[in-house]
Amino acid sequence: MSGRRARGAATRRTAGGRAVRETAAPPRRTKTKPAGSPAAGAQDYQIVALVLQGGGALGSYQCGVYEGMHAAGVRPNWFAGTSIGAINAAILAGNAPEHRVERLREFWNTICEPVGSYGPAAAVVRSALAWLPASHALAAWANTVGAFGALTYGQRGFFSPRAQPPFLFRDGSAKATSFYDTAPLKASLERFVDFDRINDDDGVRLSIGATNVANGNFRYFDSTRDRIRPEHVMASGALPPAFPAVEVDGEAYWDGGLVSNTPLDHVLTSTPRRDSLVFQVDLWSARGDLPRTLMDVLERQKDVQFSSRTRFGTDAVARLQRLRNAIGELLREVPKERRAPELMDALEPWICDRVFNIVHLIYQAKPYEEQFKDYAFGYGTMQEHWAAGLADMQQTLEHPEFFARPDPGVGAVTHDVHRLVAAKRRKR
């Protein structure tokens, strides 16, 4: 860990009586009653984390979620992301709070601007759509046009198609192993992200997931131990075969979503454990209807593949935390004279009375979106996703009980406004 991140060390004794040194955690808050507002409730936690899943063009949904959080006065001190989530997380961590929404909007307005000869045509289409009544058929057509433009012409400030197809080369270079050049993304990151702020700010943490091409291992680049550069962010979003692998410190990396599209586990398993309020923002829903067409199959395949079983992960964390609490309660019932030092030292790492509150937001795909929804970078589509994220966050904020600190005996809880609404519908 770098010097700027070092925390005070404290000496404690294990249940078996052995003295050990550990990183000191900040004082815990003891407030247990529901807060009067989400912002007040967030103050009951040592960690407020925003965890952002990968999902390409769907990523503007996360921007709307953050805009809603920001307007409510909720300020995360840890941003974690994969792929497009890593890009959004870097923009958030790399800007002062008062500029974050503005920078997100500037970035997304840039990358949703078509390039080449497609640009003027897209502008005409956009103007025409503004005058026509909204309909699913029209929205589906607009999404198709946006996806076609991205594939053919690339997106300004993000990626551009290579002049020659990769099949013409066999030298292992970027042009032999990818269809698009991501140099424009590096320029955009340098424009919209203050990397010095990320690396020198003790108050905000950034974590980014990527996959090592050579060994298939997953790695988190973390500002507590790594000096984050544009290459780290680009590596997290280097989805093959569209984008080339990105070299970081002599190793080649691909998109983190190939292994784990949701960095929730990194936030929940980091030590020392702290009372945490975690906003998990997913772009893919693990639940969905049975496919009726081949295009439905392709869309559902992506949903399942990239949802990363977030719900399963949160349930597993809740079970583990309840087990930790139960072990602690059990040991307190054992008289001191009957506590074997070796056994107590083995159990000590499992004892934890910290609490985890996971607020889950999941993008609900529209009926007219198809399997190319993750690369439909149309301007109107981006605005629609952004508005959906803002609306979902605002609806979540209407439930201050979601933000109340759980009882230590519970350990971990999850909240999802969509699940709440669905449950109410079933009762009718």
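Cut-offs applied
- Residues numbered from 1 in each chain as written.
- Predicted model: local features only at pLDDT ≥ 70, side-chain atom pairs only at ≥ 80, totals over all residues.
- Heavy atoms only, no water.
- Helix = DSSP H or I, 4+ residues; strand = E, 2+ residues; numbered from the N terminus.
- Buried < 20%, exposed > 50% of the residue type's maximum accessible area, 1.4 Å probe, protein only.
- Contact = heavy atoms within 4.5 Å.
- Areas by Shrake-Rupley, 256 points an atom, 1.4 Å probe, with all protein chains shown as cover.
- Phe/Tyr/Trp six-rings, centres within 6.5 Å; stacked < 30°, edge-to-face > 60°.
- Core = buried A, V, L, I, M, F, W, Y, C linked by side-chain atoms within 4.5 Å.
- Pairing = 2+ DSSP bridges.
- Polar contact = N/O pair within 3.5 Å; in protein donor to acceptor, adjacent residues only side chain to side chain.
- Expected span 1.5 Å × (residues − 1).

Asks: What is the right way to look at the overall build of the protein chain in this model?
Replies: For the protein chain, the helix and strand inventory stands at 16 helices and 13 strands. Split into buried and exposed, the 428 residues of the protein chain put 49% on the buried side. Contacts in the protein chain between residues far apart in sequence, at least 24 positions, make up 72% of those at least 6 positions apart. As displayed, the protein chain has an accessible area near 20,300 Å², and 55% of this comes from carbon and sulfur atoms.

Asks: Would you mind showing me how to read the packing of aromatic side chains here?
Replies: Two aromatic rings, taken as a pair, are described by how far apart their centres are and by the angle between their planes. If you walk through the whole model with that rule in mind, you get 17 aromatic pairs. For the pair Phe158 and Phe159, a centre-to-centre distance of 5.2 Å together with 70 degrees between the ring planes defines the contact as edge-to-face. Assigned by exposure class, Phe158 and Phe159 land together as buried. Arranged with centres 6.0 Å apart and planes meeting at 40 degrees, the rings of Phe158 and Phe243 form a pair that is tilted.

Asks: Explanation requested: the nonpolar core in the structure shown.
Replies: Most often, soluble globular proteins have nonpolar side chains that are buried together. By size, the foremost hydrophobic cluster in this structure holds 70 residues, and its most contacted members are Trp108 and Phe279. In terms of residue count, helix 3 (residues 84-93) provides more of this core than any other element does, eight residues in total. Setting aside anything within four residues of it in sequence, one finds Trp108 in contact with Gly56, Ala57, Gly59, Ser60, Cys63, Ile84, Asn88, Phe377, Met382 and Trp386. Core analysis: the second largest hydrophobic core is formed by 14 residues, Val51, Val267, Leu268 and Phe356 among them.

Asks: In this structure, what is going on with the pairing of strand 11 (residues 276-282)? I would like to understand it.
Replies: Note on strand geometry: in a regular strand, side chains alternate between the two faces of the sheet. Judged by how many residues are buried, strand 11 sits mostly within the fold: seven of seven residues are covered. The alternating pattern of strand 11 places Ser276, Val278, Gln280 and Asp282 and Leu277, Phe279 and Val281 on opposite faces, both of which are buried. Judged from the six bridges that link them, strand 3 (residues 47-52) and strand 11 form a sheet pairing that is parallel. Pairing of Ala49 across the sheet is with Val278, part of strand 11. Sheet analysis places strand 11 next to strand 12 (residues 356-362), joined by seven bridges and oriented parallel. Among the inter-strand pairings, Val278 is bridged to a residue of strand 12, identified as Ile358.

Asks: Where do I start with the environment of Trp284 in this structure?
Replies: Within the element layout of this structure, Trp284 appears in the loop between strand 11 and helix 12 (294-307). In sequence terms Trp284 and Leu58 are 226 residues apart; their C-alpha atoms lie 8.8 Å from each other. Discounting chain neighbours no more than four positions away, the residues touching Trp284 are Gln53, Gly54, Gly55, Leu58, Asn261, Lys302, Asp303, Phe306, Ser307, Ile362, Lys373 and Asp374. For Trp284, the side chain forms a polar contact with the main-chain oxygen of Gly54, separated by 2.8 Å.

Asks: Explanation requested: helix 4 (residues 100-111) in the structure shown.
Replies: Helix length check: helix 4 (twelve residues) gives 17 Å between terminal C-alpha atoms against 16 Å at 1.5 Å per residue, within 8%. Arg100, Val101, Leu104, Phe107, Trp108, Thr110 and Ile111 are the residues of helix 4 that are buried. Buried-residue contacts for helix 4 involve helix 2 (60-71), strand 4 (78-82), helix 3, helix 8 (183-192) and helix 15 (379-397).

Asks: Please clarify how the side chain of Arg324 should be interpreted in this entry.
Replies: With respect to the helices and strands, the residue Arg324 is situated in helix 13 (residues 310-332). Once residues lying within four places of it in the same chain are set aside, the contact partners of Arg324 are Arg273, Pro349, Trp350, Ile351 and Cys352.

Asks: Please explain helix 2 as it appears in this structure.
Replies: It helps to recall that an α-helix has 3.6 residues per turn; residues three or four apart then point in one direction. Taking 1.5 Å as the rise per residue, helix 2 with twelve residues should run 16 Å; its terminal C-alpha atoms sit 17 Å apart, in good agreement. Taken across its twelve residues, helix 2 has ten buried, putting it largely inside the fold. All of the buried residues along helix 2 are Ser60, Tyr61, Gln62, Cys63, Gly64, Val65, Tyr66, Gly68, Met69 and His70. Just past helix 2, the residue Gly73 takes up positive phi, approximately 85 degrees.

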